[in-house]
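One letter stands for each residue in the lines below.
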Amino acid sequence: MKIRLLLSCLTVLIAACKPAEQPGAATPSDAPAAVAAPAAKSNQPQVLVANYPLQYFAQRIAGDAVEVRFLAPKDEDPAFWHPDETAIAAFQGADLILMNGATYSKWADKITLPESKAVDTSASFKASLIQVNETSTHSHGPGGEHSHSGTAFTTWIDFKQASLQAKTVRDALIRLVPAAKQAMETSYDNLQDELNTLDDRMSVLSRRLVNQPLVASHPVYHYLARRYGMSLKALLWEPENVPDDKAMADLNGILSGHRARWMIWEGTPAPESIEKLEAVGLKSMVFDPCGNVPESGDFMSVMKANVEALEKAFQ
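Residues numbered from 1 in each chain as written. Predicted model: local features only at pLDDT ≥ 70, side-chain atom pairs only at ≥ 80, totals over all residues. Heavy atoms only, no water.

> Break down the pattern of salt bridges for me, citing the residues and quoting the values.
Opposite charge on two side chains permits pairing when their charged atoms draw close. Under the definition given, this model contains eight salt bridges. Between Arg-227 and Asp-199 there is a salt bridge, with its nearest N and O atoms 2.9 Å apart. With Arg-227 in helix α6 (residues 222-227) and Asp-199 in helix α5 (residues 181-209), this pair connects stretches of sequence that are 28 residues apart. Exposure remark for Arg-227: the relative accessible area of 35% places this residue in the partly exposed category. Glu-311 is paired through a salt bridge with Arg-201; the nearest N and O atoms lie 2.8 Å apart. Placement of Glu-311 in helix α9 (residues 299-313) and of Arg-201 in helix α5 is noted, with a sequence separation of 110 residues between them. On the accessibility criterion, Glu-311 (24% relative accessible area) is partly exposed. (Salt bridge = Lys/Arg side-chain N within 4 Å of Asp/Glu carboxyl O. Helix = DSSP H or I, 4+ residues; strand = E, 2+ residues; numbered from the N terminus. Buried < 20%, exposed > 50% of the residue type's maximum accessible area, 1.4 Å probe, protein only.)

Printed below as a string of structure tokens:
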């Protein structure tokens, strides 16, 4: 009798401890597998940029106040990059879109970006943009064939224009995050000081460059040449490609009426290219426009190295 009473009590206790089933709840046999929670979205305003110089300016000015995103792959020229649907959606959903202007992002003409969020950072000097008549086409990287005809777009290698672009970036960021205005103004002032120093050094150098014909491997130095008085003629060469007989014939055609002693490259040329140029009396130097993220350093360190290379060549 006592045993039966004890078993009865245990049964009641077990039933009381078992959680009650909720209506419609899945049983162990049909319960779905656990699903990972989606990654939390950043609480910072999202700033999308068209190229690396704008990424650098925005990060220097805003610091941690925003999240700056540059989506172009490292092996492509951002000016000729074609974003996929995911990248386009990211641009369209951004809180601020910093565009270079000067027809830099060819893809932007084919999609709709929210006008209230897109900022043309070269708009303040639109009237002085350089128009290029270039009929030849070529390719570099996975971007396919293209020409450099139209508006010259490497605006920031005129350091005065770079400062104006950075100012436009500052103003747009302050409108986006007004609480960070004071810090952003201070950061911009520091950036402007560095850009002005580069401009001053190049202006001093221009007195030596004015009578020095130069050849460029690529037609991207229009604003550099105009600002700093360079007499420069451009080819359509890539640093990684060794010039063939036709390319050397094109170069010799230029040199026949343009007695240059230096060629400026966008990146480090192949050793064989250097040898071929030396055979016709040309030395090589690098002035990297830095449109994409550099392999080492940052925008400012690359620009300082560019200026130092010119200073050493024409000291």
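> How would you summarise the sheet that holds strand β7 (residues 213-216) if you had to cite specific residues and measurements?
Pairing within the open sheet is parallel, and its four strands lie in the order β8-β7-β9-β10. Edge positions in the open sheet fall to β8 (231-234) and β10 (283-286), since each of these has one partner strand only. If you compare each strand with its neighbour and ignore which way they point, the axes differ by 30° on average. For β7 and β8, the ladder comprises four bridges, and the chain directions are parallel. Bridged to Pro-213 within β8 is Ser-231. (Pairing = 2+ DSSP bridges. Axes fitted to C-alpha atoms, helices over the stretch in contact; angles between N-to-C directions.)

> Please give an account of the pairing of strand β3 (residues 96-99) that cites residues and values.
Alternating residues of β3 divide into Leu-96 and Leu-98 and Ile-97 and Met-99, and every residue in both groups is buried. Examined bridge by bridge, strand β1 (residues 46-49) and β3 share three bridges and lie parallel to one another. Residue pairing across strands places Val-49 opposite Leu-98, the latter belonging to β3. Summarising the sheet, β3 and strand β4 (residues 118-120) pair through three bridges and their orientation is parallel. Counted as the bridge partner of Leu-98 is Val-119 from β4.

> Can you explain the sheet that holds β3? Please cite residues and give values.
With respect to topology, four strands assemble into an open sheet ordered β2-β1-β3-β4, the strand pairing being parallel. Lying at the two open borders of the sheet, with one neighbouring strand each, are β2 (67-70) and β4. In this sheet, neighbouring strand axes are inclined to one another by 25° on average, regardless of whether the strands run parallel or antiparallel. Where helix α4 (residues 159-176) meets the sheet, it contacts β1, β3 and β4, and its direction lies at approximately 175° from that of β3. (Contact = heavy atoms within 4.5 Å.)

> Give me the lowdown on the environment of Ile-264, citing residues and values where you can.
Here Ile-264 shows up in strand β9 (residues 262-265). Judged by relative accessible area, Ile-264 falls into the buried class, the value being 0%. With 46 residues separating them along the chain, Ile-264 and Leu-310 place their C-alpha atoms 9.3 Å apart. If we ignore the near neighbours within four places in the chain, the residues touching Ile-264 are Leu-214, Val-215, Ala-216, Ser-217, Tyr-221, Leu-232, Met-285 and Phe-287.

> Any details on the nonpolar core? Residues and values, ideally.
Residues Leu-98 and Leu-173 are the most contacted members of the largest nonpolar core, which totals 77 residues. If one sorts the elements of this core by residue count, α5 sits on top with eight residues. Ignoring sequence-local partners within four residues, the contact set of Leu-173 consists of Val-47, Ala-58, Ile-61, Ala-62, Val-66, Leu-96 and Met-184. (Core = buried A, V, L, I, M, F, W, Y, C linked by side-chain atoms within 4.5 Å.)

> Requested: an account of the packing of α4 against α5, with residues and values cited.
Following both chains from N to C, one finds α4 and α5 inclined at 175°, their axes separated by 9 Å at the closest point. Here α4 is positioned roughly antiparallel relative to α5, judged by the angle of their axes. Along its contact with α4, which presents Phe-159, Lys-160, Ala-162, Ser-163, Ala-166, Lys-167, Arg-170, Leu-173 and Ile-174, the element α5 presents Lys-181, Met-184, Glu-185, Tyr-188, Leu-191, Gln-192, Leu-195, Asn-196, Leu-198, Asp-199 and Met-202. In the contact of α4 with α5, the residues fall into 11 nonpolar, three polar and six charged. (Parallel < 35°, antiparallel > 145°, perpendicular 65-115°, else oblique. Nonpolar A, V, L, I, M, F, W, Y, C, P; charged D, E, K, R; others polar.)

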